[in-house]
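So you can see what is in the structure, the chains are spelled out below.
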Number of protein chains: 2
Amino acid sequence: MVKALGFLQAIEDDLRRVEEELQRLVAEAGVPVLAEASMQLLRAGGKRLRPAFALLSGRLANGKPEQLVPLAVALELIHMATLVHDDVVDEAATRRGLPTVRARWGDQLSLHTGDYLFAKSLLLIAGYEDERIATTLARVSVRMCEGEIRQMASSYDVTQSLRDYFYRIKAKTALLISASCALGALAARANGEIMRHLGAYGYYLGMAFQITDDILDMAATEQELGKPVASDLRQGVLTLPAIHALRASPRRDELAALISRRRLEEREVRHALKLIQDCGGLEFSRRVAIWYVEKAKKRLSGLPGGWPLEALEAAADFIGTRQF
Amino acid sequence: MVKALGFLQAIEDDLRRVEEELQRLVAEAGVPVLAEASMQLLRAGGKRLRPAFALLSGRLANGKPEQLVPLAVALELIHMATLVHDDVVDEAATRRGLPTVRARWGDQLSLHTGDYLFAKSLLLIAGYEDERIATTLARVSVRMCEGEIRQMASSYDVTQSLRDYFYRIKAKTALLISASCALGALAARANGEIMRHLGAYGYYLGMAFQITDDILDMAATEQELGKPVASDLRQGVLTLPAIHALRASPRRDELAALISRRRLEEREVRHALKLIQDCGGLEFSRRVAIWYVEKAKKRLSGLPGGWPLEALEAAADFIGTRQF
């Protein structure tokens, strides 16, 4: 149930191989409940953006599918592992409209399932000769953990800065997307110049992606999100619209007092959302996201043309305007 | 606070380097609470058995400390990562007499700390040219997760076989100790024959180690254990003495009924323990552990002599007789 995105059509076959490989790996789990839980995660879908970025970047550098697919699968496994662990930390009941692994099988199995998927990714990564692939992904994984812990540590903190937020989403999201692009090129044996451009493109686009995600969490409906609206706010995770409002809203003291109360009731969540929207928190965040998208597109300008480049441009436009 | 074991004296300097490196890695965590939590884990100590096995095996194959220390550190980081995740799953309050990370900082931080330590280990592993090190450790990590999940799935199951138990402790414990020995030799560029012997030695010793651990959980005092007596039984984890009693005790039906009740009260735990002890469950398990120790020692016979070999022999004797 992968959502079909236009710019992915050119790599449809590669993505199908990624999907088949993911299913094969999950099915071979030595314990039935582990295979079931992992399959549930796969079924919940997602856009397979990280594999797509690795495949497009690798194709741009004239890579062959067999050079790229294992990396693409490993990236999605790492991403899935973080999702299943995040659901434990967030005590999430649904993801993309389906019950989370923890809701169905409990926190303990979720924890082990995340560890398992991550370990599985390492087997694929170990297959690459160039040690920069393993080193980069290890480094990114370290930073992702740090980002998650910073997010935890800063929850309900109404004094946090925009800088704190940007640092966090970089660690949590942008670095893995950046690595997907750079390593896709590396797996295709591209030169350092191409890798750097694609890495920067992925970084900026990853920032835009997370900001858009944070906007949608406040702007979309529960049905569109597949989880409750404003789930960040409910958990005390302050994202760009909220941090902007805490600085720019004429009623910022009221908002700060509300958030600091913790464990908001439904009525209070709605009220906080209204304060954030009234002072233009969502528009401000959209402008920042678009600024990042433009930065990303600029980094594509020095790269060799062709359909992969066009698809990467289309991906940037999609991220800038996405509604899901 | 590493307990000084006689057979480790010869590698004291190497182990000190491992300890310093562990402390350095933990201190450089990008978030203070993460460094604190990891330092707490380090302080809780442990025997650093996996590093010791890697160092001794590597020394036996004429490896230099600089070839072996990063691997030894990585092995301990992997082990620490599993401990901190296990404490979450087991809802453990203390480990080795100190509060667990989850007791002090909560499950969420424990989960991220485990992920962080594991990711840190990957950075060290990626530094080795021979891809068999990364591949073996990835494969072992996958099996360790499967072992943990099997343990969860079989809790309170009074019909489980000895075979189930041996499969579980192999995945959970023996494979990583086996890999410590084999990869220590590999890092020292030993030949395949030496690696295989050391790997088999580590496997048998790992089995003996876990069986002894499971015996001590029933035979030692709370003070010796640094955690409540019979914590396995309290969580429904059936180990060798219990599984033996469920087959061999004249009062096995009574024991099965007791365990199947789940959530045993203190009085019931004591009663179950007595039933297990009365039918010789601990003696039986000790005999099995010693059988594994002997198998391990036999695999040392074809290896080059010298102080590392003597230390590995002493390690086997220690595992066979250890009281902590």
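Report follows, based on the coordinates. Because the structure is a prediction, the values reported are computed rather than measured.

1. Some remarks on the nonpolar core
Grouped burial of nonpolar side chains is what soluble globular proteins tend to show.
Step number 1: Leu137(A), Tyr201(A), Leu137(B) and Tyr201(B) are the most contacted members of the largest nonpolar core, which has 243 residues in total.
Step number 2: Filtering out sequence-adjacent residues up to four positions away, Tyr201(A) remains in contact with Phe53(A), Cys181(A), Ala296(A), Arg299(A), Leu300(A), Leu312(A), Ala315(A) and Ala316(A).
Step number 3: In this structure, Val88(A), Val89(A), Leu111(A) and Val88(B) belong to the second largest nonpolar core, which totals six residues.

2. A closer look at the interface of chain B and chain A
Step number 1: Chain B puts 35 residues into the contact, and the matching count from chain A is 35 residues.
Step number 2: Summing both partners gives a buried area of about 3300 Å² for chain B against chain A, and 77% of it is carried by carbon and sulfur.
Step number 3: Linking chain B with chain A are zero salt bridges, by the criterion used here.
Step number 4: Across the contact surface, chain B and chain A share eight residue pairs in polar contact (both at pLDDT 80 or more).
Step number 5: Only helix H2 (32-43), helix H4 (65-90), helix H6 (107-126) and helix H7 (131-153) of chain B provide two or more residues apiece to the side of chain B that touches chain A.
Step number 6: Ranked by residues supplied to the side of chain B that touches chain A, first place goes to H7(B) with 13 residues.
Step number 7: Broken down by class, the residue content of the side of chain B that touches chain A amounts to 20 nonpolar, six polar and nine charged.

3. Overview of the relation of the copies chain B and chain A
Step number 1: The two copies are related by a screw motion: chain B maps onto chain A through a turn of 180° and a shift of 0.0 Å along the axis, at an RMSD of 0.0 Å. Expressed as a symmetry operation, the mapping of one chain copy onto the other fits a two-fold axis.
Step number 2: Both copies present the same face, since 100% of the interface residues in chain B are matched by interface residues at the equivalent positions in chain A.

4. Some points on the side chain of Asp217(B)
All names here are of chain B.
Step number 1: Take Asp-217: it is sitting in helix H9 (residues 192-219).
Step number 2: With a relative accessible area of 3%, Asp-217 lands in the buried category.
Step number 3: The residues touching Asp-217, leaving out its near neighbours within four places in the chain, are Leu-225, Lys-227, Pro-228, Val-229, Ala-230, Ser-231 and Asp-232.

5. Details of the packing of H9(B) against helix H15 (residues 281-298) of chain B
All names here are of chain B.
Step number 1: Relative orientation of the contacting elements H9 and H15 amounts to 160°, with a least axis distance of 8 Å. Taken together, the axes of H9 and H15 lie roughly antiparallel to each other. Crossing geometry of H9 relative to H15 is assigned as left-handed. Contact residues: H9 offers Tyr-201, Tyr-204, Leu-205, Met-207, Ala-208, Ile-211, Thr-212, Ile-215, Met-218 and Ala-219, while H15 offers Leu-282, Ser-285, Arg-286, Val-288, Ala-289, Tyr-292, Val-293, Lys-295 and Ala-296.
Step number 2: When its residues are assigned to classes, the contact of H9 with H15 shows 15 nonpolar, two polar and two charged.

6. Points about helix H15 (residues 281-298) of chain A
Along an α-helix, residues three or four positions apart point the same way, because every turn accommodates 3.6 residues.
Residues and elements named next belong to chain A.
Step number 1: Relative to the 26 Å expected for 18 residues at 1.5 Å per residue, H15 spans 26 Å between its end C-alpha atoms, a close match to the ideal helical length.
Step number 2: Listed in full, the buried residues belonging to H15 are Gly-281, Leu-282, Ser-285, Val-288, Ala-289, Tyr-292, Val-293 and Ala-296. One side of H15 carries all its buried residues, which in axial view fall inside an arc of 145°. Residues of H15 that are exposed and point more than 90 degrees away from the buried face comprise Arg-287 and Lys-298.
Step number 3: In this fold, the buried residues of H15 make contact with helix H8 (162-187), helix H9 (192-219), helix H12 (240-248), helix H14 (266-278) and helix H16 (307-321).

The rules we used
Residues numbered from 1 in each chain as written. Chains lettered and ligands numbered in written order. Predicted model: local features only at pLDDT ≥ 70, side-chain atom pairs only at ≥ 80, totals over all residues. Heavy atoms only, no water. Core = buried A, V, L, I, M, F, W, Y, C linked by side-chain atoms within 4.5 Å. Buried < 20%, exposed > 50% of the residue type's maximum accessible area, 1.4 Å probe, protein only. Contact = heavy atoms within 4.5 Å. Buried area = accessible area lost by both parts, 1.4 Å probe. Salt bridge = Lys/Arg side-chain N within 4 Å of Asp/Glu carboxyl O. Polar contact = N/O pair within 3.5 Å; in protein donor to acceptor, adjacent residues only side chain to side chain. Helix = DSSP H or I, 4+ residues; strand = E, 2+ residues; numbered from the N terminus. Nonpolar A, V, L, I, M, F, W, Y, C, P; charged D, E, K, R; others polar. Least-squares fit on C-alpha atoms with pLDDT ≥ 70 in both. Axes fitted to C-alpha atoms, helices over the stretch in contact; angles between N-to-C directions. Parallel < 35°, antiparallel > 145°, perpendicular 65-115°, else oblique. Left-handed = near helix turned anticlockwise from the far one by under 90°. Expected span 1.5 Å × (residues − 1). Arc of directions from axis to C-beta.

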